[in-house]
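# Topology and contacts: notes
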Amino acid sequence: MLLTCDPHDKEGSMKLIEDMTTNADQFQQQILNEILTQNADTEYLSGFLDGNSGKEMFKKKVPIVNYDDIKPYIERIANGEPSSIISNQPISELLTSSGTSGGQPKMMPTTADDLDRKTFLYNLLVPVMNKYVDGLDQGKGMYLLFIKPEINTPSGLTARPVLTSYYKSSNFRMRPFNKFNIYTSPDDTILCSDGKQSMYCQLLCGLIQRDEVLRVGAVFASAFLRAIKFLEEYWKELCSNIRMGIVSDWITDSNCRHAVMDILRHPNSELADLIESECTEKSWEGIIKRLWPRTKYVEVIVTGSMAQYIPMLEFYSGGLPLVSTMYASSECYFGINLKPLSKPSDVSYTLLPNMAYFEFLAVEKNHSDVNQSVQCNGNSDHCSKDEEEAVDLANVKIGQYYELVVTTLTGLYRYRVGDILMVTGFYNNAPQFRFIHRRNVVLSIDTDKTNEDDLLNAITQAKSLLESLGCILTEYTSYPDTSSIPGHYVLFWELKMIGSGDISDLNTDVMEECCNTVEESLDYVYRRCRSKDKSIGPLEIRVVKHGTFDALMDFCVSQGSSVNQYKTPRCIKCDETMKILDERVVGRYFSRKDPFWKPYTIGNSP
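None of the values given here were measured: they were computed from a predicted structure. (Residues numbered from 1 in each chain as written. Predicted model: local features only at pLDDT ≥ 70, side-chain atom pairs only at ≥ 80, totals over all residues. Heavy atoms only, no water.)

### A few points about the overall build of the chain
- Helix and strand counts for the chain come out as 21 helices and 23 strands.
- Taken along its principal axes, the extent of the C-alpha atoms in the chain is 75 × 70 × 45 Å.
- Residues counted as buried form 57% of the 606 residues belonging to the chain.
- Long-range contacts, defined as pairs at least 24 residues apart, comprise 71% of the intrachain contacts of the chain with a sequence gap of at least 6.
- Roughly 24,800 Å² of accessible area belongs to the chain as shown, and the carbon and sulfur atoms make up 46% of that amount.
- Both charge centroids of the chain, one from 62 positive and one from 80 negative side chains, sit 2 Å from each other. (Helix = DSSP H or I, 4+ residues; strand = E, 2+ residues; numbered from the N terminus. Buried < 20%, exposed > 50% of the residue type's maximum accessible area, 1.4 Å probe, protein only. Contact = heavy atoms within 4.5 Å. Areas by Shrake-Rupley, 256 points an atom, 1.4 Å probe, with all protein chains shown as cover. Lys, Arg positive; Asp, Glu negative; His and termini not counted. Charge placed at Lys NZ, Arg CZ, Asp CG, Glu CD.)

So, in structure tokens, the structure goes:
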């Protein structure tokens, strides 16, 4: 069901949204019929449906699956078998997910048609923003966009992150002129594979065109804040380039140099002086509005794990609205925020019923106090799946929590995405959802997603090093420290000395090696973020004195937790628990080297 949207046709686009949301159930039935008609004779579906391709048989016979269930089929295609294993449309490439399976990136199938669905959603965002913000055709957007490493599979298919796929596609590179969505960054700076050169050149172009900038942003809040940190480090050099009308010699990517010089053109000492005067101010509070005074909003994802960056974004933006426009993943682009100027805590997404067939597994909180679970356990992941049948999009209930399940036109069938959503209301007949968290994820700084099992495995690998210090690890927890950029993982360890010795006087080399070992044991995406992208800082272990975790339990029990059911939270975020831990820290140690990383190769360990 390939719909088109002209971003210049506000009235027609809004009418299309009204039609899709009013007839959400009909759109869902139509897209499921299209998927089954197209793919019923694939190896995967035919094994369950045996020629019967109706909705009732589909929901009765086709199982709800996770990645490990479909991984063998995808790897067969990656190794050269035909796409018809799972899709009668040719698989054009594989999209690597930020989630991992066995330490390796997940790979999701996609087709050429799916690029058109993504483009449709991007185009639909324009009239929605125009409904709330005037004059977006009177300037440009300073969006900082980047590509990530990619690989080729044995079959010749490319495997790469979904945004890299989109930016490198003809849909992006040859996009029609859109007066509402002009970027300050030339495509050649976005497509530069050197992240540092790309960042420098995009910021330089954004500063040169400061008077035209109406909105700023990046995909994720973490990426935008890294750009601000980069600006803090390089503003003098950027000003020098503008003042002299040249580009620094270390920008060796010829496409980047030429693209920037087309914008820089001539020396501009007046602009350089203005930027310098703002950047030399004692405080960088409100620096976005000061450097780009016409800016109307900051567009970044601030839902889910990105919510931890809201205070820092508010500091730098000087009160500008923080706008999360869309909800998407490697598996599928899901929906949009129809009230983009809502507060980050109130953001809800409307799933577009033409993007995929959506189902929902009801989940419930094990804790009676949901808010306490969210605060003190960090990921609020204490959910149990009801043994009920998955419900359709039109049949979800307001206030209920669900796990999202998708069937796509690209070869995924009843696939558990791993996102926990809450229904906040309806727009016409289409439900609206608040993103709550990723299932099982306890730590996330950027695109990394570390679950409880992976964290335990990494700590298990490291704690054997403690034997040489004459101590053992008795308890631990963690939290993502985003008080500085880039953020980093913090582990709180309570140690017990076996013989004589003092935990406040541990061998620094051994403890730093513990940090290194934990990082080496974490998954591919974490190690790429640390080593290649530099979007995560060195891991830290904070050793706390004896009795700290007893104090943590006492606090949680005092807040209503059952002493009989209490389990140490493996990730903490609320201020009270942080205070209990930090007041008892007796030693701090950091990883001193980057963990090993290289591009993943199909069939080999990363």
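### Topic: the sheet that holds strand 21 (residues 488–497)
- Spatial ordering of the open sheet is given by 20-21-22-23, a layout of four strands whose pairing is mixed. The open sheet terminates on both sides in strands that have one partner only, identified here as strand 20 (471–481) and strand 23 (585–590). Going from strand to strand, the sheet's axes swing by 25° on average, the running direction of each strand aside.
- Bridging between strand 22 (residues 540–544) and strand 23 involves five bridges; their strand directions are antiparallel. Counted as the bridge partner of V544 is V585 from strand 23.
- Against the sheet, helix 18 (residues 508–521) engages strand 21, strand 22 and strand 23, with an angle of about 60° to strand 23. (Pairing = 2+ DSSP bridges. Axes fitted to C-alpha atoms, helices over the stretch in contact; angles between N-to-C directions.)

### Let's talk about the packing of aromatic side chains
- Taken as a whole, this structure holds 26 aromatic pairs when the rule is applied.
- Seen from their ring centres, Y167 and F172 are 5.2 Å apart, and the 55° between their planes marks the pair as tilted.
- Judged by relative accessible area, which is 5%, Y167 ranks as buried.
- Between Y479 and F492 the ring centres are 6.1 Å apart and the planes differ by 20°, which places this aromatic pair in the stacked class. Of this pair, Y479 sits in strand 20 while F492 sits in strand 21, and the two are 13 residues apart along the sequence.
- A residue is classified by how much of its surface remains accessible, and Y479, at 13% relative accessible area, is buried. (Phe/Tyr/Trp six-rings, centres within 6.5 Å; stacked < 30°, edge-to-face > 60°.)

### With respect to helix 12 (residues 254–264)
- The set of residues buried in helix 12 consists of C256, A259, V260 and L264. Viewed end-on, helix 12 has its buried residues packed into an arc of 135°, placing them on one side of the element. Helix 12 presents H258 and D262 as exposed residues on the side facing more than 90 degrees away from its buried surface.
- Of the surrounding elements, those touching the buried residues of helix 12 are helix 9 (187–190), helix 10 (195–208) and helix 11 (221–244).
- Once helix 12 ends, the next one or two residues include R265, with phi positive near 65°. (Arc of directions from axis to C-beta.)

### Some details on the side chain of S324
- With respect to the secondary-structure elements, S324 resides in the loop between strand 8 (322–323) and strand 9 (326–328).
- S324 sits in the buried class, given a relative accessible area of 1%.
- Engagement of the side chain of S324 in a polar contact is seen with the backbone oxygen of V300, the distance being 3.0 Å.
- Separated by 2.9 Å, the side chain of S324 and the backbone nitrogen of V302 make a polar contact.
- Not counting chain neighbours up to four residues away, the residues in contact with S324 comprise V300, I301, V302, T303, N337, V347 and Y349. (Polar contact = N/O pair within 3.5 Å; in protein donor to acceptor, adjacent residues only side chain to side chain.)

### Notes on helix 21 (residues 575–582)
- Regarding helix 21, the residues found buried are T577, M578, I580 and L581. Across the axial projection of helix 21, the buried residues extend over an arc of 160°, all falling on one side. Facing away from the buried side of helix 21 by more than 90 degrees, the exposed set consists of D575 and K579.

### Quick notes on the pattern of salt bridges
- Applying the stated criterion to the full structure yields 33 salt bridges.
- Between E81 and R76 there is a salt bridge, with the nearest N and O atoms lying 2.9 Å from each other.
- Look at E81 and you get partly exposed, because its relative accessible area is 35%.
- Across the salt bridge formed by K118 and D114, the nearest N and O atoms sit 2.7 Å from each other. Of this pair, K118 and D114 are both found in helix 6 (residues 112–132), four residues apart, which corresponds to roughly one turn of the helix. (Salt bridge = Lys/Arg side-chain N within 4 Å of Asp/Glu carboxyl O.)

### Side note on the packing of helix 10 against helix 11
- Running from amino to carboxyl end, helix 10 crosses helix 11 at an angle of 65°, the nearest separation of the two axes being 9 Å. With respect to helix 11, the element helix 10 is oriented roughly perpendicular. Considering only the axes of helix 10 and helix 11, their crossing is right-handed. Between helix 10, through K196, M199, Y200, L203, L204, L207 and I208, and helix 11, the contact on the second element is made entirely by R226, A227, F230, L231, Y234, E237, L238, N241 and I242.
- Residue classes in the contact of helix 10 with helix 11 are distributed as twelve nonpolar, one polar and three charged. (Parallel < 35°, antiparallel > 145°, perpendicular 65-115°, else oblique. Left-handed = near helix turned anticlockwise from the far one by under 90°. Nonpolar A, V, L, I, M, F, W, Y, C, P; charged D, E, K, R; others polar.)

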